[in-house]
Amino acid sequence: MKIVVQYGDFTKAEIFNLTKGSGTLLKNVDEGTVIEIDKLVVIQDDKVTKDGEVKTTDIMHIIAKDGNTYSTESPTFQRTVLDAVEFMETEQLTFELVRQKSKAGRVFMDAKLI
C-alpha cells in the first residue's frame, strides 16, 4: 500500500481504516449526491487477478464534512477530483456525483465541482 496523493491531514489509523472497506462505494451512490470533501487520499494497491497476475490499482478514499466516507477506483472520477484539488488549491471542494455515457454507450461516473 502506497500513498499517491493526500489532501488534508490524516492519521495513519484513519488511512488504514479507510483501506479496510469502511466506506461507501461511489458506484452505489445516487447521481446528484453532493459531497463536501474534508480530506481525501489516493492509495496505490496491488491486487491479484483471477489469472494470478498482479494489477496495480489506484483507489481514492474520501472523508466528507458530514462524516461519511466514500471510495472509488474510477479513473475518470479520480482525475476530475485531483484536477480540481490542484486548481482550487486551499479552497473548499464540493462535488456533485454525475453519470455520463461514453461514445461506446457505457455509463460512467464523474464529478462536477459546485
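Values in this document were obtained by computation on a predicted structure and should not be read as measured data.

Participant: For this particular structure, what's the right way to read the pairing of strand β6 (residues 93-101)?
Facilitator: Where strand β3 (residues 34-48) meets β6, 4 bridges bridge the pair, whose relative direction is antiparallel. Each residue of the ladder has a partner; that of Ile-37, found in β6, is Leu-93. Across 7 bridges, the pairing between β6 and strand β7 (residues 107-113) is antiparallel. Along β7, the bridge assignment pairs Val-98 with Asp-110. Counted along the chain from β6 to the antiparallel partner β7, the turn is 5 residues long, and its residue Gly-105 has a positive phi close to 95 degrees.

Participant: I'm lost on the pattern of salt bridges in this one. Help?
Facilitator: Two side chains carrying opposite charge are able to pair once their charged atoms lie near each other. Within the structure shown, the criterion is met by 3 salt bridges. Note that Glu-14 is salt-bridged to Lys-39, the shortest N-O span being 3.1 Å. In this pair, Glu-14 sits in helix α1 (residues 12-18) while Lys-39 sits in strand β3, placing the two residues 25 residues apart along the sequence. Using a relative accessible area of 12% as the deciding quantity, one classes Lys-39 as buried. Between Glu-96 and Lys-112 there is a salt bridge, with its nearest N and O atoms 3.9 Å apart.

Participant: Teacher, can you tell me more about the side chain of Asp-110 here?
Facilitator: In this structure, Asp-110 sits in strand β7. In terms of polar contacts, Asp-110 uses its side chain to reach the side chain of Thr-80, at 2.6 Å. Ignoring any residue separated from it by four or fewer positions in sequence, one finds Asp-110 in contact with Thr-76, Phe-77, Thr-80, Glu-96, Leu-97, Val-98 and Gln-100.

Participant: Please clarify how the environment of Phe-10 should be interpreted in this entry.
Facilitator: With respect to the helices, strands and loops of the structure, Phe-10 is situated in the loop between β1 (2-7) and α1. Each C-alpha atom, one on Phe-10 and one on Val-41, is 8.6 Å from the other, the two residues being 31 residues apart in sequence. Filtering out sequence-adjacent residues up to four positions away, Phe-10 remains in contact with Ile-15, Leu-18, Lys-39, Leu-40, Val-41 and Ile-63.

About the cut-offs
Residues numbered from 1 in each chain as written. Predicted model: local features only at pLDDT ≥ 70, side-chain atom pairs only at ≥ 80, totals over all residues. Heavy atoms only, no water. Pairing = 2+ DSSP bridges. Helix = DSSP H or I, 4+ residues; strand = E, 2+ residues; numbered from the N terminus. Salt bridge = Lys/Arg side-chain N within 4 Å of Asp/Glu carboxyl O. Buried < 20%, exposed > 50% of the residue type's maximum accessible area, 1.4 Å probe, protein only. Polar contact = N/O pair within 3.5 Å; in protein donor to acceptor, adjacent residues only side chain to side chain. Contact = heavy atoms within 4.5 Å.

Honestly, that's just the spatial picture; any functional story needs more than this.
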